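Okay, here's what each chain looks like letter by letter:
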2 protein chains.
Amino acid sequence: MPNLEKEGFEMMKDMKIFEGSVTSAKGFMAASCAAGIKYKDRTDMAMIFSEAPCTAAGTFTKNIVKAAPVKWDQDVVYESPSASAVVINAGIANACTGAEGLKNCKMTASAAAKALNIEENAVLVASTGVIGMQLPIDRIEAGTKVMAGQLCGSEEAGLNAAKAIMTTDTIPKHIAVTVEIGGVPVTIGGMCKGSGMIHPNMCTMLCFITTDAAITKELLQQALSEDIEDTFNMVSVDGDTSTNDTVLLLANGLAKNPVIDQKDENYELFKAALHQVNTYLCRKIAGDGEGATALFEVKIVGAADKQQAVTLAKSVVTSSLTKAAIFGHDANWGRILCAMGYSGAEFDPEKVDLYFESAAGKIKIIEDGVATGYSEDEATKILSENEVTAIADIKMGDAAATAWGCDLTYDYVKINADYRS
Amino acid sequence: MPNLEKEGFEMMKDMKIFEGSVTSAKGFMAASCAAGIKYKDRTDMAMIFSEAPCTAAGTFTKNIVKAAPVKWDQDVVYESPSASAVVINAGIANACTGAEGLKNCKMTASAAAKALNIEENAVLVASTGVIGMQLPIDRIEAGTKVMAGQLCGSEEAGLNAAKAIMTTDTIPKHIAVTVEIGGVPVTIGGMCKGSGMIHPNMCTMLCFITTDAAITKELLQQALSEDIEDTFNMVSVDGDTSTNDTVLLLANGLAKNPVIDQKDENYELFKAALHQVNTYLCRKIAGDGEGATALFEVKIVGAADKQQAVTLAKSVVTSSLTKAAIFGHDANWGRILCAMGYSGAEFDPEKVDLYFESAAGKIKIIEDGVATGYSEDEATKILSENEVTAIADIKMGDAAATAWGCDLTYDYVKINADYRS
């Protein structure tokens, strides 16, 4: 097991953090299979199933070009009494596929419902991959049936599901947290995928979180909606907000904790645990951005208010010139100040202090808007780590925000110059 | 002389378009020199001078981090009775340089004023290059003095000035237009530089336009401000709005045309000629974007209003994923639809028709939001030209907009991973 603390994962007391996944919470199972959607010699479908019906929450892309599965899931999350299963495929996004695309969502849900003996409107679906192609629905249906017969609650089944949903991702992304709520251990586990077309505006790519917490639908949705503002909405790989962005959170109540039905201490505990899961997954997505060699973290501190900090942090983390400089281990602070300047947020450039920080140390680069006379060698050393942080203090107040992205590399261009072939 | 019409330059009757520059209009001279600012073995300073005092107009970056020369020029354009000279250097941007940076602008203007026997507040200055370094003011002053003694009205002097202001540009960018106004030939000539950090929000990088037209200051500024909305503000190489963006327009009246002092036919003629100059220079900037192999033009037609068309066109032209696909000659229309979808403009994705067009032909890729079953081979052939256009018809009205950018390539990353060394 890796040292999670070292990976930027803030440890909180009374919380157990482990390399779990969507099967870690009680009553959740997973399966995966090689359905031959687009890839050869690898799994490309996954299924999550809860033995008890779940309260469902979700956040979805704000792109007005919404993939068919997004539309389907919005109906399930907003209208269905409960959800029990998620069927996911990688390779084809089922976006820009018109009426046939929506029909394919329904057929997928129907196949799962039949195999699992649940209602069709209790099945969520998710797709990721190429836009504009229709799903090979026969293979999707066959894969769904196979997976329904192989569901398993093991850690391995969860890990395999995290692998099956990858596209250009280079590593599977999953985590779990256990926290005591009302004297009872409650687990939240999650997996996600995402590497390109990552610039969430509401939430990013595909993320599936399961918990055995007992919590009302209203508070489940609220906890998710609030937390993604500080997590998934602060990640950007390339500034492109996908058509398929989806975060689903399923709670089946099997932990038997006192139901969380008001914004009390228990709700805060649940939210803190959820925040740990989301933060971990976000950092994994950013660090595994297409072609990335480094996770690039941008912290704005001393802001007058949260929105100002968010605007500035996102502008820096999406700046192509800054991202290319990070790839080159070049302390090109002018580009950071420039990106702050065009963000739309008001601040005084002549009051800004800027630092670079990584495992190799911390260095003050500019003070009150001008260079400190820092050592370029030391700066380059700090910027040569695979996780680097830029911290800008704008000295206007106490608000702060953190955004995550990655460097811009030759491989990003290579991957995206001919993704479809 | 190249075929300007073939280069996307729309010919208008009664207008003569030629490979001129800032010296083409009557009474304007230029000079350049190798001042050793940052580069070796090349010229890196240029001067423009008018033998008669000029009415000056300008548009400047909206980045709140404004380089010192931008602040200096705003004072000259807004407060001085007239302007006679511009001193430009490449290599160092004089941005984020605090009080010393502003003092260096004043010292540059003072050196030019002394050498040219004009007022200090009649001298405009402009810098481009690395942010955060101070100018070597002794070399700037020496270069200024040298250039003042070498001013010349020849085409060659203008071309050499266009070369001297280049940074990562691969070609000098210059053009001139002559149009008859009130029975008198009036000339507008311009040069510009710009290759990276190009995402103008008000105007882009450095552009200098000279004209012998007689026109009031108010209308000169209005013509410029209006036209850049359709030209410089529609160019994006990398989404980064520079700290130094400046367009200066100097009119010395030596054509002796009836003074343009109202919005009549003569004003429209002047504006049409100015538009030709600006459009040509914008296309040159986009096509010569850092690392670019192709000019990427995005036309939105059938929009409900201009702002909607502008928002959509800019979103597509700045999408990293779309730009990488253009580099790969990949007809990845899903990314274009996706970028339209997250632009913030409202439209119906299921009504969109999309075409690709180049010298190799025109092809309809999607109709009413779904693929037409076009030939990938033909699409690739069209996308393999060095100027490609995407045209999206959103069928909501008659408004349209055009944006210019370029593909995203390995070389963009290479150039920007270590620009400073």
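Residues numbered from 1 in each chain as written. Chains lettered and ligands numbered in written order. Predicted model: local features only at pLDDT ≥ 70, side-chain atom pairs only at ≥ 80, totals over all residues. Heavy atoms only, no water.

Draft legend 1. Inspection of the side chain of T23 of chain A at higher detail. Residues and elements named next belong to chain A. Position of T23 among the secondary structure elements: in the loop between strand 1 (15–18) and strand 2 (28–33). T23 sits in the buried class, given a relative accessible area of 5%. Only 2.9 Å separates the side chain of T23 from the backbone oxygen of S154, close enough to count as a polar contact. Sequence-distant contacts of T23, that is, excluding residues within four places in its chain, are made with F28, M29, A30, C152, G153, S154, E155 and G158. (Helix = DSSP H or I, 4+ residues; strand = E, 2+ residues; numbered from the N terminus. Buried < 20%, exposed > 50% of the residue type's maximum accessible area, 1.4 Å probe, protein only. Polar contact = N/O pair within 3.5 Å; in protein donor to acceptor, adjacent residues only side chain to side chain. Contact = heavy atoms within 4.5 Å.)

Draft legend 2. Local environment of the sheet that holds strand 15 (residues 399–406) of chain A. All names here are of chain A. Taken together, the 6 strands give an open sheet; going across it, the order is 13-12-11-14-10-15, and neighbouring strands pair in mixed fashion. Among the strands making up the open sheet, the edge pair consists of strand 13 (370–371) and strand 15. Sheet topology note: the strand 10 (residues 295–303)/strand 15 ladder contains 7 bridges and is antiparallel. Residue pairing for strand 15: I300 is matched across the bridge by A401. Along the sheet, helix 6 (residues 265–287) contacts strand 10, strand 14 (387–393) and strand 15; its crossing angle with strand 15, the most-contacted strand, is approximately 45 degrees. (Pairing = 2+ DSSP bridges. Axes fitted to C-alpha atoms, helices over the stretch in contact; angles between N-to-C directions.)

Draft legend 3. Quick look at the interface of chain B and chain A. Listed as interface residues are 54 residues of chain B and, on the opposing side, 54 residues of chain A. Regarding the contact of chain B and chain A, the summed buried area is about 4300 Å², with carbon and sulfur atoms giving 61% of it. At the junction of chain B and chain A, the tally comes to 2 salt bridges. Across the salt bridge formed by E350 of chain B and K71 of chain A, the nearest N and O atoms sit 3.7 Å from each other. Counting across the interface, chain B meets chain A through 4 residue pairs in polar contact (both at pLDDT 80 or more). At the level of elements, helix 8 (320–327), helix 9 (333–341) and helix 11 (410–417) of chain B are the ones that each hand at least two residues to the side of chain B that touches chain A. (Buried area = accessible area lost by both parts, 1.4 Å probe. Salt bridge = Lys/Arg side-chain N within 4 Å of Asp/Glu carboxyl O.)

Draft legend 4. Geometry of the sheet that holds strand 14 (residues 387–393) of chain B. All names here are of chain B. Strand order in the open sheet formed by 6 strands is 13-12-11-14-10-15, and the pairing between neighbours is mixed. Looking at which strands have only one partner, the edges of the open sheet turn out to be strand 13 (370–371) and strand 15 (399–406). Of the strand pairs in this sheet, strand 10 (residues 295–303) and strand 14 are connected by 7 bridges, and their pairing is parallel. Note that in strand 14 the partner of K299 across the bridge is I391.

Draft legend 5. Seen up close, the relation of the copies chain B and chain A. Superposing chain B onto chain A takes a rotation of 180 degrees combined with a translation of 0.0 Å along the rotation axis, leaving an RMSD of 0.0 Å. The superposition of one copy onto the other is thereby described by a two-fold rotation axis. Looking at the rotation axis and the C-alpha trace of chain B, the residue lying nearest is Y410 of chain B, at 2.6 Å. Here 100% of the contact residues of chain B are again contact residues in chain A; the copies associate through an equivalent surface. (Least-squares fit on C-alpha atoms with pLDDT ≥ 70 in both.)

Draft legend 6. Region of the structure containing the side chain of N266 of chain B. Residues and elements named next belong to chain B. Mapped onto the elements, N266 comes out in helix 6 (residues 265–287). Looking at N266, the relative accessible area reads 17%, which means it is buried. Residues within four places of N266 in sequence aside, it is in contact with I181, G182 and I260.

Draft legend 7. Layout of the packing of aromatic side chains. Throughout the structure, instances matching the rule amount to 4 aromatic pairs over all chains. Pairing F60 of chain B with Y78 of chain B gives two aromatic rings, centres 6.2 Å apart and planes at 85 degrees, and the pair type is edge-to-face. Here F60 of chain B, found in strand 3 (residues 45–60), pairs with Y78 of chain B, found in helix 1 (residues 68–79); they are 18 residues apart in sequence, far enough to count as distant. Residue F60 of chain B is classed as buried on the basis of its relative accessible area of 3%. Just above the ring of Y39 of chain A sits the side chain of R42 of chain A; from NZ or CZ to the centre is 4.1 Å. The positively charged end of K362 of chain A is found above the aromatic ring belonging to Y355 of chain A, 5.0 Å away from the centroid. (Phe/Tyr/Trp six-rings, centres within 6.5 Å; stacked < 30°, edge-to-face > 60°. Lys NZ or Arg CZ within 6 Å of the ring centre and 35° of its normal.)

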